[in-house]
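What follows is the residue order along each chain.
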Amino acid sequence: MKVSLNSIKFLCQRYGCAENITAVGVDELVEKIGAQLGAVEAVIDLGKKYEGIIIVKVLDCQKLEGSDHLSVCKVDDGGKTGSVERDSDGHVQVICGAPNVHAGMLAAWLPPGTTVPSAVDKDPLVLEARDIRGTKSNGMLASPKELGLSDNHEGILEIDDDVVPGTPFAERYELAGDQVIDIENKMFTHRPDCFGFLGVARELAGIQQIPFKSPAWYTMDPALPKAEADVLALEFSNELPVLVKRFTAIAMDNVEVKSSPIWLQVELAKAGVKSINNIVDYTNFFMLETGQPLHAYDYDKVKAKSEGQSAKLVVRYPKPGEKIKLLGGKEIEPRAEAIMIATDKELIGIGGVMGGADTEVDDHTKNIIIECANFDMYSIRRTSMAHGLFTDAVTRFTKGQSSLQTKAVLAKMVDEVSKSATGKVASDLIDDNHMAN
């Protein structure tokens, strides 16, 4: 379990949970964690990984003579970087091969002498000023992949926040001085709450005798908005109520799927999770915060695999010979007692383990179904081992997450999609609850 001290600090500030739980510093926290919580495997100086990276404004962008893809850019770093060659206006020249580079954009500049973040833990690549086709380039403008944020290497990271050129990247995105404490997962076997940052923060407060208050939204019976848009018909049936004691879901329409805000990409990267798109990223973000996994489906893809005019979700065992293609491309024939998510026609996911490739959220998605459920920990463990599927969701469900938080986390996800992705609630809430049985 990787825990960023900056993430814990700002989580507490954002939700008003506690004060100063990281103020004692990393050394004392490691000692307290080791004595009262779990073994610390490593402390990672994450802030150092991003030292020297500067947010710049691209002032001019012209094609490099003799090249069909390279551009000569003049960037404004606010004059903050020393020992770099400048023109008469004080600007720096950088050659960039990204197709999305353009005048007026903000980008992350790695000056000469900077180590590329994605290479830090492998074969460190230290940049230098060099000639490219006879033209000087001072360092590079970085892609999300080079910054260690995602696997996207198709273009440079475009910063759409209001940032003054010359601001250190690490300072703007709460990376400066950040330390990540890697705590051994085995120590948390019987502490499912500690697989979310809220639980870790509560524990850190407790072992320091600091008062802690849960976020106002983290309640057993939160209010969810009624359908605000044209209703997307959504049906559900649960054939395995003993193994799936609670299953909540809701549909949302007119969702804008896009790249995540940079702060969110950074928060995921701190925990070792790569950014995909804003919808998938928020499911991962709230999983990291609470320990409760979520999953998002493309509503229209689910509907296309269902009979009639509604999208249908069914929890059941697989039928003999059924196969499913999973996210990442692996195809399996599930074990006979695996908890499966299906439509009324075919399989679309392994409950609590991994979603199916045919219903994933992508750049063309307009309508979604958000699922937040609870699955039997022993069944998930057997399915995971049988098929070699070890995901962040499996890690958490095999520790016995509480069904009492399911609705709260769903409500938080719905609220975020409404605010940041233009989505509107477009179905009634499904809350199939068998906790009393």
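Residues numbered from 1 in each chain as written. Predicted model: local features only at pLDDT ≥ 70, side-chain atom pairs only at ≥ 80, totals over all residues. Heavy atoms only, no water.

A. Highlighting the overall build of the chain. Across its full length, the chain carries 11 helices and 22 strands. Against the 2.2 N^0.38 benchmark of 22 Å for 437 residues, the chain shows a C-alpha radius of gyration of 24 Å, consistent with a compact globule. Expressed as a percentage of the 437 residues in the chain, the buried residues total 54%. The long-range share in the chain, meaning contacts at least 24 apart out of those at least 6 apart in sequence, stands at 73%. Counting only carbon and sulfur atoms, one obtains 47% of the accessible surface of the chain, whose full area is about 19300 Å². Averaging the positions of the 47 positive and the 64 negative side-chain charges in the chain gives two centres separated by 3 Å. (Helix = DSSP H or I, 4+ residues; strand = E, 2+ residues; numbered from the N terminus. Rg over C-alpha atoms; globule rule 2.2 N^0.38 Å. Buried < 20%, exposed > 50% of the residue type's maximum accessible area, 1.4 Å probe, protein only. Contact = heavy atoms within 4.5 Å. Areas by Shrake-Rupley, 256 points an atom, 1.4 Å probe, with all protein chains shown as cover. Lys, Arg positive; Asp, Glu negative; His and termini not counted. Charge placed at Lys NZ, Arg CZ, Asp CG, Glu CD.)

B. Representation of unusual backbone geometry in the model. Not every positive phi belongs to a glycine, and N20 is a case in point at roughly 60°. By the secondary structure assignment, N20 is in the loop between α1 (5–15) and α2 (26–36). The exposed category is assigned to N20, whose relative accessible area is 56%. For S83, which is not glycine, the phi dihedral falls at a positive 55°. If you trace the backbone, S83 turns up in the loop between β4 (71–76) and β5 (92–96).

C. Here's a closer look at the nonpolar core. Of all hydrophobic cores here, the largest spans 57 residues; its most connected members are I279, I370 and V417. Not counting residues up to four positions away in its chain, the partners in contact with I279 are V255, V257, A296, V361, I368, M413, V417 and A421. (Core = buried A, V, L, I, M, F, W, Y, C linked by side-chain atoms within 4.5 Å.)

D. Quick peek at the packing of aromatic side chains. This model, assessed by the stated rule, comprises 11 aromatic pairs. The ring of Y15 is capped by R14, whose NZ or CZ atom sits 4.9 Å from the centre of that ring. (Phe/Tyr/Trp six-rings, centres within 6.5 Å; stacked < 30°, edge-to-face > 60°. Lys NZ or Arg CZ within 6 Å of the ring centre and 35° of its normal.)

E. Quick peek at a nonpolar patch on the surface. Judged by side-chain polarity, M220, L404 and M435 come together as a nonpolar surface patch covering roughly 270 Å² of accessible area. Along the chain, M220 falls in the loop between α5 (197–207) and β11 (234–238). (Patch = residues over 30% accessible without salt bridge, like charges linked within 9 Å, V, L, I, M, F, W, Y side chains within 5 Å. Salt bridge = Lys/Arg side-chain N within 4 Å of Asp/Glu carboxyl O.)

F. Inspection of the state of the cysteines at higher detail. Counting across every chain of the model gives zero disulfides. No disulfide involves C17; its nearest neighbouring cysteine sulfur is the one of C12, lying 5.1 Å away. According to the relative accessible area criterion, C17 is buried, its value standing at 4%. Counting only cysteine sulfurs, C17 is the nearest neighbor of C372, a cysteine outside any disulfide, at a range of 18 Å. A relative accessible area of 0% means that C372 is categorised as buried. (Disulfide = S-S within 2.5 Å.)

G. How the structure looks around the environment of N138. One can find N138 in strand β8 (residues 135–138). Spatially, the C-alpha atom of N138 lies 9.5 Å from that of R86, the residues being 52 residues apart in sequence. At 2.9 Å, the side chain of N138 and the backbone oxygen of Q93 are in polar contact. (Polar contact = N/O pair within 3.5 Å; in protein donor to acceptor, adjacent residues only side chain to side chain.)

H. Fine view of α5. α5 sits mainly inside the fold: nine of its 11 residues count as buried. All of the buried residues in α5 are F197, L198, G199, V200, A201, E203, L204, A205 and I207. On its buried side, α5 packs onto β1 (2–4), α1, α2 and α7 (278–290).

I. Highlighting the pairing of strand β3 (residues 54–63). Judged from the four bridges that link them, β3 and strand β6 (residues 106–110) form a sheet pairing that is antiparallel. Its bridge partner lying in β6, K57 is registered against L106. (Pairing = 2+ DSSP bridges.)

J. How the structure looks around the sheet that holds β11. A sheet is described by the order of its strands in space; here five strands give the open sequence β11-β14-β17-β18-β19, paired in mixed fashion. Each edge of the open sheet is held by one strand with a lone partner, namely β11 and β19 (354–355). Here five bridges tie β11 to strand β14 (residues 311–316), and the two strands are oriented parallel to one another. In the sheet register, E235 faces β14, and the bridge partner there is K312.

K. Spotlight on the sheet that holds β3. Overall, antiparallel pairing links the five strands, which are arranged β5-β4-β3-β6-β9 in an open sheet. Two strands close off the open sheet at either side, each with one partner strand: β5 and β9 (140–141). Taken together, the six bridges between β3 and β4 define a ladder with antiparallel strand orientation. Paired with K57 across the bridge in β4 is D76.

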